[in-house]
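An overview of the molecular structure
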Amino acid sequence: MGFDTIRYQVEERVATITFDRPEALNALSPTMVRELRQAYADAEADDQVWILLVTGNGRAFCAGADVGEIPDDGRVVYDEPYLSTFPQWEAPQEGTPPFRSMTKPILTAVNGLCCGAGLDLVTTGDIVIASDRAEFFDPHVSIGLVSGREVVRLARALPTNIAMRMALMGRHERMGARRAYDLGLVSEVVEHDRLLERAREIARTVNRNAPLAVRGTRLAIRRGRDLPLYEAEVMAETFRERVVRTEDAKEGPRAFLEKRQPEWKCR
């Protein structure tokens, strides 16, 4: 299907989702949120997609929610009647991929300004890289709003005092890409003009590995973070035992012994 606020392209088993409202600094409008949900679902359901790459068009990655689209009562906009669907009872996800339920890894390439709800793609991305022009901040308190899930997630990705500083300083202080790298918020800083090239290199490298093994490993880490260590270990072993029954689990050792590249079938 066509989209108005994002671009969606599948090539070489990579689904690239590009925020495409550069005139609004890629702020999340209700239309954009709906289109992102559809794009994430399309990528997860497509057998030709092994990894998602999310980035932005223009000088911003994502400037958070579109303030002009926020109702006067502050309520999150839903198409359905109020509280009639399960997602409305949870923390609003806005542009966040369904990282808890999807299996395919998410590679986030932050091309510029990233704040508010845009931080969700950083704290829930599986691999996050940034342009040397990227900047991060959380403006909620500067516009009279409580920073909710955004800063709660941020406090899991950064030392508490750093996340607290970012949350309480609001839009009056920004974190540069190099500082974000030093603190572990992103795993690599790339020269701006090479960002997408490098992101695609990383995506191709991930896709050289057995896709079901990648997904099981991702799920073991993601879901294990919310469990005590022993339960997380047991759950990870159940994922390993499931994948070991697949054709790819046999192909990997066979290719190694035959000194050739494996031919993954994703089954």
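Let us look at the structure shown here. (Residues numbered from 1 in each chain as written. Predicted model: local features only at pLDDT ≥ 70, side-chain atom pairs only at ≥ 80, totals over all residues. Heavy atoms only, no water.)

In this section: unusual backbone geometry. Positive phi, close to 55°, is recorded for Leu25, a residue that is not glycine. Even without glycine at this site, Glu94 takes up a positive phi of about 50°. Structurally, the position occupied by Glu94 is in the loop between strand 4 (60-62) and strand 5 (106-110). (Helix = DSSP H or I, 4+ residues; strand = E, 2+ residues; numbered from the N terminus.)

Next up on the list: the pairing of strand 1 (residues 6-11). Here strand 1 runs beside strand 2 (residues 14-19); their pairing, made up of 6 bridges, is antiparallel. Across the sheet, Tyr8 pairs through a bridge with Ile17, a residue of strand 2. (Pairing = 2+ DSSP bridges.)

In this structure, Phe19, Val110 and Phe136 are the most contacted members of the largest nonpolar core, which totals 41 residues. Ranked by residues supplied to this core, first place goes to helix 1 (residues 30-45) with 6 residues. Among the nonpolar cores identified, the runner-up in size contains 13 residues, and Leu107, Ala109, Ala203 and Val214 belong to it. (Core = buried A, V, L, I, M, F, W, Y, C linked by side-chain atoms within 4.5 Å. Buried < 20%, exposed > 50% of the residue type's maximum accessible area, 1.4 Å probe, protein only.)

Taken in spatial order, the 4 strands of this open sheet run 4-6-8-9, and their pairing is mixed. Single-partner strands in this sheet number two, and they are strand 4 and strand 9 (175-176).

Attention now moves to the packing of aromatic side chains. Counted by the stated rule, this structure contains 2 aromatic pairs. Taken together, a centroid distance of 6.3 Å and an interplanar angle of 65° make the contact between Phe3 and Tyr8 edge-to-face. Here Phe3 falls in the buried class, since its relative accessible area comes to 15%. Judged by relative accessible area, Tyr8 falls into the partly exposed class, the value being 26%. Ring geometry for Phe19 versus Phe61: centroids 5.2 Å apart, planes at 50°, classification tilted. (Phe/Tyr/Trp six-rings, centres within 6.5 Å; stacked < 30°, edge-to-face > 60°.)

To continue, consider the pattern of salt bridges. Counting across every chain of the model gives 20 salt bridges. The closest approach of N and O atoms between Glu237 and Arg240, which form a salt bridge, is 2.9 Å. Here Arg240 and Glu237 lie together in helix 8 (residues 229-243), a separation of 3 residues that amounts to about one turn. For Arg240, a relative accessible area of 44% translates into the label partly exposed. (Salt bridge = Lys/Arg side-chain N within 4 Å of Asp/Glu carboxyl O.)

Before going further, it helps to spend a moment on the pairing of strand 3 (residues 51-56). Here strand 3 lies mainly inside the structure; 6 of its 6 residues are buried. Of the two faces of strand 3, the one holding Ile51, Leu53 and Thr55 and the one holding Leu52, Val54 and Gly56 are both buried throughout. Judged from the 6 bridges that link them, strand 2 and strand 3 form a sheet pairing that is parallel. Within strand 3, the position partnered with Val14 by the bridge is Ile51. One crossover worth recording links strand 2 to the parallel strand 3 by way of helix 1, and it is right-handed. Where strand 3 and strand 5 come together, 3 bridges link them in parallel fashion. Residue Leu53 lies in a different strand from strand 5, and its bridge partner there is Leu107. (Right-handed = clockwise from strand over helix to strand, strands pointing away.)

Interpretation in functional terms is not warranted from these geometric data alone.
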